[in-house]
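Observations on the three-dimensional arrangement
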Amino acid sequence: MPVHFHESTKTFHLFNGKISYIFTIAKNGMPVQLYYGKRLPDKEDYSYLLELYARPMSVNPYFDDKTFAVEHIRQEYPSPFAGDMRTPSIVAAQNNGSRIVEFVYDHFEIKNGKPALKNLPACYCIDEKEAQTLYLYLKDEVLNTWLCLIYTIYENRNVICRSANITNYSKETFVLESMLSANVDLPDDDYEMLTLAGAWARERNIECHKLHPGIQSVYSLRGHSSHNFNPFLCLKRKETTENTGEAYGFSLVYSGNFQALADVDTYHTTRVAIGIHPASFRWPLKPEETFQTPEALLVYSDLGLNDMSQTFHSLFRERLCRGFWKDRVRPILLNSWEGVYFDIQENKILEMAQKSKELGVELFVLDDGWFKNRNDDTSSLGDWSADLTKLPHGIEGLAEKINEMGLEFGLWFEPEMISKNSDLYKEHPEWVLHTPNRNISVGRNQYVLDFSNPEVVDAIFKQMKKVLDCNRIAYIKWDMNRSLSEVYSSYWPQEEQGTIYHRFILGVYSLYEKLIEAYPHILFESCAAGGARFDPGMLYYAPQAWTSDDTDAVERLKIQYGTSMLYPISSMGSHVSAAPNHQLHRNTPLNTRANVAYFGTFGYELDPCKLSDEESIQIKEQIQWMKKYRKLIQFGTFYRLKSPFIGKETAWMIVSDDKKTAIIGYYRPLQEINSVYRRLKLQGLDPSFEYNISSADRPLFGQELMNAGLVISDYSASENNDGSNEGDYLSRIYVLNAVS
Ligand code: GLA
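Below or above, wherever it landed, is the structure these notes cover. These numbers were taken from a predicted model, which means no experiment stands behind them.

A separate point is the pattern of salt bridges. Two side chains that carry opposite charge are able to pair once their charged atoms sit near each other. By the definition in use, this model includes 41 salt bridges. Two residues, D185 and R271, come together in a salt bridge whose shortest N-O distance is 2.8 Å. One end of the pair, D185, is in strand 10 (residues 174-186); the other, R271, is in strand 17 (residues 270-276), with 86 residues separating them in the sequence. Among the salt bridges present, the one from E555 reaches R586, with a minimum N-O distance of 3.9 Å. With a gap of 31 residues between them, E555 in helix 9 (residues 553-563) and R586 in the loop between strand 30 (575-577) and helix 10 (590-597) connect regions that are remote in the sequence.

Now the structure itself:
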């Protein structure tokens, strides 16, 4: 059993074959951390790891014990009492003005399996035997309030899932000003903090800095998880590489405002705290009410970043994504956006669909511009019925024709948004998020609907239902194109205004849940102006996400490489678009655009009617190739080999579960003159298998490919070669097949 309790020392040990997470209960009843890392033996007493020394300037809860200073103790869920001076996990403002809470251990329960979190996305179990959950109950006597810390450990995954809930049994309401999902205090600070940062069109670039004393953090206060920072941080050792060394990953299953921080104290211990951002959160907890935090996921690896990523990938794919599409290869789609933008006409769309079908596409997606009066981005959000001047037979008529061609049909929505110029706004101006007597800011010419109001969510559901009930819609792209501002809800009373950011995202989740329940076969792709809501919370509802509005192959190398730090290939929306590229105006070869987009869900984002005959032939071949290999690409084990953030090349590879097949993507954007010799050391192969390699003249053993490496030298600019088939934006795909 993976959760052990040692009565005599009050020690909890959560472990599986690879990891251990150990804590005990201190003499003041506070749960304190002893160890988190590589598996340790299960034994009665690890109390020596709780180092207690009398330090100058400390504040002590006891007159007779100067060694016990909360400020120097590594804790499970710190609160600002008894002298902890670091970032707290919980702050509650009470009627008497106090913000001190003191939760003392009372009892615990251990249950097989893993509980669902009410109204929140979370990882799950399929079989109760695959995980155990510890519920640690703590009580604040003065507040008459219970805190429950929830820990799940899987038998076969290097992950601990943590969350917390609080229930008020007193007769008074108090206000939660902060309630985080998890706190982990590590005993040293010899780490680099790796985060995924960026902006629109350059999401999830890798940032890595050595920790320094003080707080360093990533966060969102935008109402969505954001382009700017992902709800994730990793602490890695300086010497940790992709394939060796320690890495601790922390990820939050949440799509709203978050904070993830490392707080290094002057004694060089490191506190990692992750959860809902306290700056935009005030939650009045009334008598008998419970508040549940989102779930945090803690992954430990001593085998480098690839192993950490692979743990997240399989967890997200297998125990976070749900439903019909979870384990299915994703349809190859053509999306209309970069092909025609808002210029939608039924005849044109049918021509595009017909041509897509001829190329081998399986799903035609009609993007923005299909609904009433939507000719540009200034109007109509909120009015989800077809523009009959553009689509005289409505969505149903169009979808029917497209289905008759043998294609599935998909549609774009932006459910959380409203245009000032819309029927919905005329009817319900109060449904816009706005602060009384103040200006309402616009983003992309639009306002945000008050999704904290269940009536609004229901009204949008009803509108979408009218469109979806034709039963011809196989896919929805759910977009979200602006951040929240002036966040105030006319639906909720004054004292609830600090809950609106969180209630907004709960409203988003509830609409997803209603739609999934009503239409279980629809494939959802989440999107937020590209990749502003590429987070684990979304993956619970939509198994794939539009990775970025930037479809340029060279830029995509960084974006997809960074995204792979946490998210599986099956979740990354990746399309081949036209050249020159619409965002960067760069001309990359068609094969390089596909060689990058293969490592994702794969599709096209262009007008297929404008393709030359030669391009059409090439695209047909690309689609055939992807159909052959997509199962392996989307569900195999992914390894990063060469980073675009470090060198001038990028390389990655995917290996099948039986290790008999592997696919390598190699990219060298800029031609070099008289370039150096290069080898690519592969990963994850079976050392004893001999592999045939596409475009190579002899089979090689896995052992050779992983140790001597695959020769990838680029001779194009050398004396004996005219370089005619190389040049800038070079990419190569190698397919390895074990000799049977
Ligand atoms: C956002 C999306 C794009 C496209 C447009 C439509 O920018 O990220 O892919 O759907 O909206 O307006």
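Further remarks concern the site of the ligand. Among the 13 residues in the neighbourhood of the ligand, the closest are listed as D367, D368, K477, G530 and D549. K477 places a polar side-chain atom, nitrogen or oxygen, 2.7 Å from an oxygen atom of the ligand. In the environment of the ligand, an oxygen atom lies 3.4 Å from a nitrogen or oxygen atom belonging to the side chain of W546. A breakdown of the residues in the shell around the ligand according to their chemical character gives 5 nonpolar, 2 polar and 6 charged.

So, about the side chain of Q310. Relative to the helices and strands, Q310 is located in helix 1 (residues 304-319). Polar side-chain contacts of Q310 include one of 3.0 Å to the backbone oxygen of F638. Setting aside chain neighbours within four positions, we find Q310 in contact with T637, F638 and Y639.

Paired through backbone hydrogen bonds, the strands of a sheet run either parallel or antiparallel to each other. Here 6 strands make up an open sheet; going across it, the order is 32-33-34-39-36-37 and the pairing antiparallel. Two strands in the sheet have a free side with no partner beyond their single neighbour: strand 32 (637-642) and strand 37 (700-701). Against the sheet, helix 9 touches strand 32, strand 33 (650-655) and strand 34 (661-668), its axis set at about 50° to strand 33. Helix-sheet contacts for helix 10 involve strand 34 and strand 39 (730-738), and the interaxial angle to strand 39 is about 50°.

The final tally for this structure, using the stated rule, is 50 aromatic pairs. Ring centres 4.9 Å apart and planes at 55° place the aromatic pair W283 and F291 in the tilted group. The class for W283 is buried, based on a relative accessible area of 9%. Both rings, one in F451 and one in F504, keep their centres 5.9 Å apart while their planes meet at 45°; by these two values the pair is tilted. Note that F451 is positioned in the loop between strand 25 (446-448) and helix 6 (454-468) and F504 in helix 7 (residues 500-518), a separation of 53 residues in sequence.

Along the chain, F638 falls in strand 32. Judged by relative accessible area, F638 falls into the buried class, the value being 3%. The sequence separation of F638 and K466 amounts to 172 residues, and the corresponding C-alpha distance is 41 Å. Residue contacts for F638: discarding those within four places in its chain leaves N306, Q310, H313, S564, I569, F599, W652, M653 and I654.

Now for the side chain of D450. Structurally, the position occupied by D450 is in the loop between strand 25 and helix 6. The side chain of D450 is buried and forms no salt bridge, while R503, the nearest opposite charge, is found at 8.8 Å. In terms of polar contacts, D450 uses its side chain to reach the side chain of S489, at 2.5 Å. The residues touching D450, leaving out its near neighbours within four places in the chain, are W431, L433, V456, S489, S490 and Y491.

All right, on to the environment of N95 then. Examined against the element boundaries, N95 turns out to sit in the loop between strand 5 (90-93) and strand 6 (104-112). C-alpha separation for the pair N95 and T173, spaced 78 residues apart in sequence, amounts to 7.7 Å. Those residues in contact with N95 that sit more than four places away from it in its chain are E172 and T173. Within the local environment of N95, its side chain forms a polar contact with the side chain of E172, the two groups lying 3.2 Å apart.

Now for the pairing of strand 34. By the criterion of burial, strand 34 is predominantly enclosed, with 8 of the 8 residues buried. Neither face of strand 34 is exposed, since T661, I663, G665 and Y667 on one face and A662, I664, Y666 and R668 on the opposite face are all buried. Two elements, strand 33 and strand 34, share 6 bridges in a ladder whose sense is antiparallel. Note that in strand 34 the partner of M653 across the bridge is I664. With antiparallel pairing between neighbouring strands as the criterion, strand 33 and strand 34 make up a hairpin whose turn holds 5 residues, including K659 at a positive phi of roughly 65°. For strand 34 and strand 39, the ladder comprises 8 bridges, and the chain directions are antiparallel. Residue I663 lies in a different strand from strand 39, and its bridge partner there is V735.

The rules we used
- Residues numbered from 1 in each chain as written.
- Predicted model: local features only at pLDDT ≥ 70, side-chain atom pairs only at ≥ 80, totals over all residues.
- Heavy atoms only, no water.
- Salt bridge = Lys/Arg side-chain N within 4 Å of Asp/Glu carboxyl O.
- Helix = DSSP H or I, 4+ residues; strand = E, 2+ residues; numbered from the N terminus.
- Near = heavy atom within 4 Å.
- Polar contact = N/O pair within 3.5 Å; in protein donor to acceptor, adjacent residues only side chain to side chain.
- Nonpolar A, V, L, I, M, F, W, Y, C, P; charged D, E, K, R; others polar.
- Contact = heavy atoms within 4.5 Å.
- Pairing = 2+ DSSP bridges.
- Axes fitted to C-alpha atoms, helices over the stretch in contact; angles between N-to-C directions.
- Phe/Tyr/Trp six-rings, centres within 6.5 Å; stacked < 30°, edge-to-face > 60°.
- Buried < 20%, exposed > 50% of the residue type's maximum accessible area, 1.4 Å probe, protein only.
- Lys, Arg positive; Asp, Glu negative; His and termini not counted.

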